[in-house]
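Structure assessment
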Amino acid sequence: MSNQEKQKELSKKWLADSLIRLMQTKPYEEITISEIAANADLARRTFYRAFSSKSDLIAYIVENLVNEYISDLRITENINMEKLVLIFFGFFEEHKELILIFKQNHLEYFILESFNKYFPQIRLQACKEKINEDPEIDKIFMLISGGGFFNLLMYNIDNDSAMSPQELARLVPKAIKIFAGYL
């Protein structure tokens, strides 16, 4: 990576950190690009070299979060549903403050979009073999799984982490068995 590319990545990180800091005290909709850049000690034009809009910056933040989660999955061996749930909810419990900021600013749909985009990679980390030979069934499985995990994450955030990652790791496989019983 060239020095220019390194500087661009560093600027992106500073801008992301700046937006998160600003959203802790001010609604997302009221934050300007000029404020984000100034808070990061960067010029406004630097923002536009890295991102085309605030929503691009939000997508960047969420993609980094999801990629960090995928990295955590990569280092885990012998993943089963219980481990997958434990890692997922443990990871997002560690990032609860950021998720709350997104939720308070009605930006949680970026998380769901990212799950939908990256769920094939997440599934490959969790389950090396194909789930089904039919790619449409595989896609539907991933959408149901991603949506289910997302909804459970939002439920737990809304209820101040009512269920621990360990409790969810125990309950989710049981709930999936009930769901499978309808087949």
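Shown above is the structure to which this text applies.
All values derive from a computational prediction rather than experimental measurement.

Remarks on a nonpolar patch on the surface
A cluster of nonpolar side chains, Ile 140, Ile 144 and Phe 179, forms an exposed patch at the surface whose accessible area comes to about 320 Å². Among the secondary structure elements, Ile 144 is positioned in helix H8 (residues 135–158). Residue class for Ile 144 comes out partly exposed when judged on its relative accessible area of 47%.

Observations concerning the nonpolar core
Among the nonpolar cores identified, the biggest contains 55 residues, and Leu 15, Leu 19, Met 23, Leu 57, Ile 58, Ile 61 and Phe 102 are the most heavily contacted of them. With ten residues, helix H4 (residues 54–74) is the largest single contributor of residues to this core. The residues touching Ile 58, leaving out its near neighbours within four places in the chain, are Leu 19, Met 23, Tyr 28, Phe 102, Leu 107 and Phe 110.

Some thoughts on the packing of aromatic side chains
Going through the model one piece at a time under the given rule, you end up with 15 aromatic pairs. On the basis of an interplanar angle of 80 degrees and a centroid distance of 4.7 Å, the ring pair of Phe 88 and Phe 89 is categorised as edge-to-face. For the pair formed by Phe 88 and Phe 89, the shared burial category is buried. One aromatic cluster in this structure is built from Tyr 69, Phe 88, Phe 89, Phe 91, Phe 92, Phe 115, Phe 149 and Phe 150. Here the guanidinium or amino end of Lys 54 rests over the ring plane of Tyr 28, the centre of that ring lying 4.3 Å away.

Let's talk about the pattern of salt bridges
Within the structure shown, the criterion is met by seven salt bridges. Residue Lys 103 pairs with Glu 108 through a salt bridge whose shortest N-O separation is 3.7 Å. A salt bridge links Lys 103 to Asp 158; its shortest N-O distance comes to 3.3 Å. With Lys 103 in helix H6 (residues 96–104) and Asp 158 in helix H8, this pair connects stretches of sequence that are 55 residues apart.

Regarding the layout of surface pockets
Roughly 150 Å³ of internal volume is contained in the second largest pocket. Every residue lining the second largest pocket is listed: Lys 13, Ala 16, Asp 17, Ile 20, Tyr 60, Ile 61, Asn 64, Leu 65, Glu 68, His 95 and Leu 98. Counting residues per element, the ones that place at least two in the lining of the second largest pocket are helix H1 (3–23) and H4. The greatest single-element share of the lining of the second largest pocket, amounting to five residues, is contributed by H4. Partitioned by chemical class, the residues of the lining of the second largest pocket number six nonpolar, two polar and three charged.

Things to note about the side chain of Lys 12
Within the secondary structure, Lys 12 is located in helix H1. Each residue touching Lys 12, except ones within four places of it in the same chain, is listed here: Ala 50, Phe 51, Leu 57 and Tyr 60.

Considering the environment of Gln 166
Structurally, the position occupied by Gln 166 is in helix H9 (residues 165–180). You can call Gln 166 exposed: its relative accessible area is 54%. Between the C-alpha atoms of Gln 166 and Lys 139, which are 27 residues apart in sequence, the distance is 28 Å.

Re the packing of H1 against H4
As a packed pair, H1 and H4 sit with axes 10 Å apart at the nearest point and diverge in direction by 100 degrees. Compared by their axis directions, H1 and H4 come out roughly perpendicular. For the pair H1 and H4, contact is made by Glu 9, Lys 12, Lys 13, Leu 15, Ala 16, Leu 19, Ile 20 and Met 23 and by Leu 57, Ile 58, Tyr 60 and Ile 61, respectively. Here the residues of the contact of H1 with H4 are counted per class, giving nine nonpolar, no polar and three charged.

Parameters and conventions
- Residues numbered from 1 in each chain as written.
- Predicted model: local features only at pLDDT ≥ 70, side-chain atom pairs only at ≥ 80, totals over all residues.
- Heavy atoms only, no water.
- Patch = residues over 30% accessible without salt bridge, like charges linked within 9 Å, V, L, I, M, F, W, Y side chains within 5 Å.
- Areas by Shrake-Rupley, 256 points an atom, 1.4 Å probe, with all protein chains shown as cover.
- Salt bridge = Lys/Arg side-chain N within 4 Å of Asp/Glu carboxyl O.
- Helix = DSSP H or I, 4+ residues; strand = E, 2+ residues; numbered from the N terminus.
- Buried < 20%, exposed > 50% of the residue type's maximum accessible area, 1.4 Å probe, protein only.
- Core = buried A, V, L, I, M, F, W, Y, C linked by side-chain atoms within 4.5 Å.
- Contact = heavy atoms within 4.5 Å.
- Phe/Tyr/Trp six-rings, centres within 6.5 Å; stacked < 30°, edge-to-face > 60°.
- Lys NZ or Arg CZ within 6 Å of the ring centre and 35° of its normal.
- 1 Å grid on protein atoms, 1.4 Å probe; cavity = no way out; pocket = protein on both sides within 12 Å on 5 of 7 lines; lining within 4 Å.
- Points joined across faces, edges and corners; volume = space filled by probe spheres on them.
- Nonpolar A, V, L, I, M, F, W, Y, C, P; charged D, E, K, R; others polar.
- Axes fitted to C-alpha atoms, helices over the stretch in contact; angles between N-to-C directions.
- Parallel < 35°, antiparallel > 145°, perpendicular 65-115°, else oblique.

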